[in-house]
Amino acid sequence: MDFAVRVAQLLSQTLSPDCNAVKTAAEALDRLSLMPQFPFSLLSIATGGENEGQKMAAATYFKNFTRRNIDGGIGSSPHPQQCSKVGKELKDQLFLALLQVQPPPVLKVLVEAFRIIVVAEFVDQNSWSELVPDLRTAIQNSSLISNGMASQWSTINALTLLHALLRPFQYFLNPKVAKEPVPVQLELIAKEILVPLLAVFHQFVEKACKINCTREVNTETALLIVCKCMYFAVKSHMPSALAPLLPVFCHDLISILGSLTFHSATILEEGYLMRLKTGKRSLQIFCALVTRHRKYSDKLMPDMINNVLGIAKCSSNISKLDFVSERIISLAFDVISHILETGPGWRLVSPHFSSLLDSAIFPALVMNEKDISEWEEDADEFLRKNLPSDLEEVSGWREDLFTARKSAINLLGVISMSKGPPTRSSSNGSSAPSKRKKGEKSKQNNQRSSIGDLLVLPFLSKFPVPSEANAIQSGVLNNYFGVLMAYGGQLDFLREQEPRYTETLVRTRLLPLYTFSVCQPYLVATANWVLGELASCLTEEMSTNVYSSLLKALAMPDNRKTSCYPVRISAAGAIAKLLESDYPPPEWLPLLQVVIDRIGNDDEESSVLFQLLSSMVETGEENVAVHIPYVVSSLVGALSKCIPHDLEPWPQMLEKGFSALAVMAQSWESFLSEEFEQNERTEKWASCRATIGRAFSSLLQHFWLANIHPMGQESGATPSCIDNASTLLCSIMLSVTESNDILELKISELLIIWADLIARWHAWEESEDMAVFECINEVVNLESKYGLKDFIQRLVPSPPAPPVPRCSVFEGIGAFISEAILQYPSATWRACSSVHMLLHVPSYSSETEGVKQALAITFSRALLSRFRKIQDKPCSLWKPLLLAMSSCYLCYPETVKGVLEKDEVEGFTNWASNLCHISSSSFESAMSTESEIRKFLYYTFKSFLLANGWLVILSDGPRQGN
């Protein structure tokens with residue numbers, strides 16, 4: 001059978017629904033890939049296969065074959081005999097195939113293979129010298145450019161290759177170089193291909209922009225690809241051959257933009273859609289020229305500005321436009337913003353500030369018909385996209401909607417920060433003292449007011465604050481939404497003003513919205529966002545009114561028609577911003593009560609409120625700590641009611657809830673330690689600690705003892721859940737004052753499940769195990785003080801249960817520590833310290849000595865395995881590993897010696913030598929008998945433990961045997 005036919009059959013077989021058939025075909029193709037004709041056969045099938053599926057399979061295999069042999073190279077390729085460099089014959093055939101291949105999906109895949117070769121050879125090695133002249137010839141002789149001569153080469157395909165060739169040059173190839181010269185390859189492409197191509201582009205534009213000219217899809221596609229190529233060519237560099245052609249090229253782009261309409265919805269037939277995309281790319285080129293190539297763009301700015309101003313002033317029609325048209329208006333705003341950052345640009349745009357604000361920016365900010373429709377359909381999603389919130393983990397604005405509004409707000413911010421004409425004094429200078437100095441800046445020496453002062457704020461003041469009297473007037477509410485968005489765009493400007501300036505704005509333009517009985521939720525939510533962003537500018541005198549307003553928003557109930565969830569979420573975000581900016585509420589308890597009352601009504605909202613609660617506890621410190629017993633009792637009840645029947649996956653609300661409770665537990669213990677040190681109201685605080693311990697115990701019992709599926713790894717619980725549960729368990733144990741408390745709080749039962757969970761936990765995180773180790777310490781302390789049921793050894797369960805004892809607390813902890821030693825370098829010190837504590841602190845009887853010995857063996861093996869991986873060179877981990885091994889050895893010398901010498905004859909001697917190395921002792925000075933070595937090691941080890949602050953409970957001398 002012909003080789004190519006066999007490959008084609010196997011490719012078709014890979015498309016089979018039969019998994020075994022696919023596997024067999026893939027293995028056969030892998031064997032055939034060793035043959036030199038394999039890539040040639042793939043290209044032949046990709047261009048002339050029986051169907052599109054077979055063509056796609058061939059193209060995909062060729063792409064993977066190319067990546068394997070170029071990216072992997074000889075060393076990592078599964079077929080070492082393949083050369084990592086693609087031969088000339090194969091590159092020539094690929095080039096010809098790319099000029100003819102159809103349909104577009106197949107072309108796209110093959111172009112990816114072409115780009116892999118381009119980067120490896122043309123860009124990195126500056127080889128494949130014939131590529132540029134061959135591509136120039138192909139474009140000149142392609143179907144749309146060959147002056148009517150029939151050609152089998154597609155212009156679209158050829159331009160697509162040029163696009164792929166230029167893509168690597170859109171970025172600097174060596175960012176570490178301060179002034180990277182234009183790459184010689186890019187200069188060559190510009191001179192040989194782009195210069196003649198721009199002449200053709202000019203002809204295409206003249207033809208395409210004629211009135212009543214029928215849009216040809218291929219021509220429009222070619223225009224778009226050429227613009228993409230030029231964007232890559234000038235995004236970072238400016239090839240010398242292109243600079244003289246920029247004026248003509250930019251006027252061509254202006255002609256394309258001028259041919260677009262933004263006054264009403266347009267049927268997006270394919271040709272016009274391509275024209276819109278070309279317009280969008282044209283504006284991106286303008287942005288690149290203005291920001292990267294001022295030397296060439298300054299002379300072009302007047303025409304650019306006239307063009308983009310005309311586009312921006314169509315923003316009042318956004319509600320009628322498709323997404324691509326709106327994106328073009330958005331980019332027009334972006335171009336103006338970039339131009340304003342240049343000296344000549346500012347002088348050209350500043351005369352248009354007033355009309356730009358009135359006719360372009362503000363119309364893009366107001367609530368329009370599309371917005372209202374979106375709001376009525378899904379209010380949550382509307383404001384989620386429009387109001388970024390840290391609590392929602394939304395970074396910045398969403399690109400899929402309202403991009404014109406985003407760009408308009410950004411432009412407004414740039415305009416507001418611009419300086420106006422010289423004035424004699426500051427328009428808003430104030431000598432009134434302020435208690436809150438944060439963010440305050442003197443303007444006494446500033447003789448030029450900003451445009452925000454002179455134009456923007458006066459313009460916005462024309463729009464009245466909504467009230468019962470004017471709410472029925474057409475456009476009042478929608479316009480004020482634009483006003484609030486505009487304030488959001490001036491945050492940088494407002495932060496530079498004196499606090500009294502912002503205080504006046506907040507009192508007169510924001511806070512009245514919270515007293516308006518029928519105010520639209522989208523207005524309140526936006527006002528929340530602005531208040532949060534202005535946190536650093538607010539004065540202490542305003543805190544009562546600010547927090548009172550935000551508490552109203554945080555507690556705002558839903559009505560029959562509209563969800564107020566976005567209002568509550570944005571209020572939570574604003575409060576979090578205020579707390580982060582060191583702007584606390586005048587009273588903490590009312591805020592705590594509102595947050596607690598809202599928890600449990602909605603899972604997503606409760607997750608946000610739990611996160612806010614954590615921020616409040618961390619920020620409020622002792623002011624919040626005194627309320628923690630009340631808060632904990634309330635939250636435990638709310639959480640217990642919200643436990644779903646199925647904990648797979650682990651609900652986010654529960655995770656955030658446990659996290660908040662853990663923060664409270666830590667804050668409470670810190671607060672308590674300070675109070676006990678000062679001996680203030682110790683009886684009261686002891687009672688409160690007991691209350692918290694009972695609440696945490698009730699919660700964990702509800703999850704662990706009453707739930708069939710506890711928060712183990714199989715339930716989808718994250719490492720932080722185990723970490724936080726350990727913090728709660730530690731707090732429960734700290735509340736114990738007598739042995740009866742252990743029974744009442746069911747500590748032994750909880751510890752059994754906790755130990756089982758940590759024994760099976762393997763999802764190690766950098767900071768997620770600290771609480772587990774702290775809990776281990778407290779467990780051992782509690783055991784040594786009161787004794788714990790099933791701590792070292794569990795009794796055999798009663799019938800009808802199988803007579804196999806389950807893991808004890810001691811054994812579960814041991815399994816966790818062993819795994820930590822093996823898997824987690826950052827936990828090595830804590831784990832090794834726990835080894836010593838577990839072996840020497842608890843009291844062991846003759847019945848439990850076997851459990852202790854088994855654990856010492858497990859520890860020794862884990863320690864030795866970990867040490868052997870790092871023993872070649874002394875490092876910081878040597879010390880804890882060798883110390884922990886010494887601790888095991890002093891308990892069971894013969895047994896541990898056997899572990900050390902199982903796979904290494906001199907294992908015991910090497911361990912002793914390494915121990916002396918880290919303790920700065922001289923092993924050679926010790927006696928040669930094993931008993932003398934043991935005595936030497938004992939005293940070396942004991943003094944070393946004392947020096948490192950480890951707890952030491954040892955006898956007066958070394959043990960002589962098992």
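Just so we're clear, the structure is a prediction, and the values are computed from it rather than from any experiment.

**Student:** Looking at this structure, how should I read the nonpolar core?
**Tutor:** Across soluble globular proteins, nonpolar side chains show a tendency to be buried alongside one another. Counting 321 residues, the largest nonpolar core has Leu162 and Trp754 as its most contacted members. Per element, the largest residue contribution to this core is 13 residues, and it comes from helix H7 (residues 104-123). Excluding residues that lie within four positions of it along the chain, Trp754 makes contacts with Trp704, Ser726, Leu729, Val772, Cys775, Ile776, Val779 and Ile813.

**Student:** Whenever I open this one, the pattern of salt bridges confuses me. Can you help?
**Tutor:** Close approach of charged atoms lets side chains of opposite charge pair. According to the stated counting rule, one finds 21 salt bridges in the structure shown. Between Asp92 and Lys88 there is a salt bridge, with the nearest N and O atoms lying 2.8 Å from each other. Highlighted residues: Asp92 and Lys88, both in helix H6 (residues 88-100), separated by four residues, approximately one helical turn. Under the relative-accessibility criterion, Asp92 is labelled partly exposed at 24%. For Glu216, the salt bridge identified is with Lys207, shortest N-O distance 3.7 Å. Judged by relative accessible area, Glu216 falls into the partly exposed class, the value being 38%. With relative accessibility at 40%, the residue Lys207 sits in the partly exposed group. A single network of salt bridges, built from pairs that share partners, joins Asp492, Arg495, Glu533 and Lys577.

**Student:** When you look at the environment of Glu326 in this model, what are you seeing that I'm missing?
**Tutor:** Position of Glu326 relative to the elements: it lies in helix H16 (residues 323-340). Counting along the chain gives 64 residues from Glu326 to Phe262, while the straight-line C-alpha distance between them is 8.5 Å.

**Student:** So what exactly am I meant to see when it comes to helix H22 (residues 451-460) here?
**Tutor:** Along an α-helix, residues three or four apart share an orientation, since each turn contains 3.6 residues. The buried fraction of H22 amounts to seven of the 10 residues, a majority that puts the element mostly inside the structure. Residues Ile451, Gly452, Asp453, Val456, Leu457, Phe459 and Leu460 constitute the buried set of H22.

**Student:** What is the right way to look at H7 in this model?
**Tutor:** Of all the bends found along H7, the most pronounced is centred on Ile117 and spans about 25 degrees. Burial analysis of H7 places 14 of its 20 residues in the buried class, the great majority of the element.

**Student:** In this structure, what is going on with the confidence of the model for the protein chain? I would like to understand it.
**Tutor:** Close inspection of predicted coordinates is inappropriate in any region flagged by low pLDDT. Confidence in the prediction of the protein chain, expressed as mean pLDDT, is 83, and 83% of residues score 70 or more. Throughout residues 393-402 the model reports pLDDT below 50, and contacts reaching past four residues in sequence, or to other chains, amount to 25 contacts. For residues 951-962, every residue scores under 50 in pLDDT, and the model assigns this stretch 35 contacts once sequence neighbours within four places are set aside.

**Student:** What should I look at first to understand the packing of aromatic side chains in this one?
**Tutor:** Ring pairs (aromatic) are described by centroid distance and by the angle formed between their planes. Using the criterion set out here, one finds 21 aromatic pairs in the structure. Ring centres of Phe122 and Phe169 lie 6.4 Å apart, and the angle between their planes is 90 degrees; this geometry places the pair in the edge-to-face category. One end of the pair, Phe122, is in helix H7; the other, Phe169, is in the loop between helix H9 (155-166) and helix H10 (184-208), and 47 residues separate them in sequence. On the numbers, 5.0 Å between centres and 50 degrees between planes, the contact of Tyr889 with Trp911 is tilted. Taken together, the residues Tyr889 in helix H42 (residues 878-891) and Trp911 in helix H44 (residues 907-919) connect sequence positions 22 residues apart.

**Student:** Explain the packing of helix H29 (residues 588-598) against helix H30 (residues 603-620) to me, please; I cannot follow it from the model alone.
**Tutor:** Describing two packed helices takes the angle between their axes plus the distance from one axis to the other. For the pair H29 and H30, interaxial distance at closest approach is 9 Å and the crossing angle is 155 degrees. Classified by the interaxial angle, the pair formed by H29 and H30 is roughly antiparallel. Taken as a pair, H29 and H30 cross one another with a handedness that is left-handed. Taken together, the residues of H30 that come into contact with H29 (itself represented by Trp588, Leu591, Leu592, Val595 and Arg598) are Glu605, Ser606, Leu609, Leu612, Leu613, Met616 and Gly620. Residues of the contact of H29 with H30, tallied by class, amount to eight nonpolar, two polar and two charged.

**Student:** What's the story with unusual backbone geometry in this structure? I'm lost.
**Tutor:** Leaving glycine aside, a negative phi is the common case for residues, and trans is the common case for peptide bonds. Cis geometry marks the peptide bond from Gln102 to Pro103; its omega dihedral reads 0 degrees. Turning to its location among the elements, Pro103 is positioned in the loop between H6 and H7. Positioned with a positive phi, Lys746 is a non-glycine residue whose angle comes to about 55 degrees.

**Student:** Mind showing me how you'd approach the side chain of Ser450 here?
**Tutor:** Relative to the helices and strands, Ser450 resides in strand E2 (residues 448-450). By relative accessible area, which is 5% here, Ser450 ends up buried. Not counting chain neighbours up to four residues away, the residues in contact with Ser450 comprise Ser416, Ser418, Lys419, Gly420 and Phe493.

Analysis parameters
- Residues numbered from 1 in each chain as written.
- Predicted model: local features only at pLDDT ≥ 70, side-chain atom pairs only at ≥ 80, totals over all residues.
- Heavy atoms only, no water.
- Core = buried A, V, L, I, M, F, W, Y, C linked by side-chain atoms within 4.5 Å.
- Buried < 20%, exposed > 50% of the residue type's maximum accessible area, 1.4 Å probe, protein only.
- Helix = DSSP H or I, 4+ residues; strand = E, 2+ residues; numbered from the N terminus.
- Contact = heavy atoms within 4.5 Å.
- Salt bridge = Lys/Arg side-chain N within 4 Å of Asp/Glu carboxyl O.
- Bend = angle between axes of the 7 residues up to and from the residue.
- pLDDT = per-residue confidence, 0-100.
- Phe/Tyr/Trp six-rings, centres within 6.5 Å; stacked < 30°, edge-to-face > 60°.
- Axes fitted to C-alpha atoms, helices over the stretch in contact; angles between N-to-C directions.
- Parallel < 35°, antiparallel > 145°, perpendicular 65-115°, else oblique.
- Left-handed = near helix turned anticlockwise from the far one by under 90°.
- Nonpolar A, V, L, I, M, F, W, Y, C, P; charged D, E, K, R; others polar.

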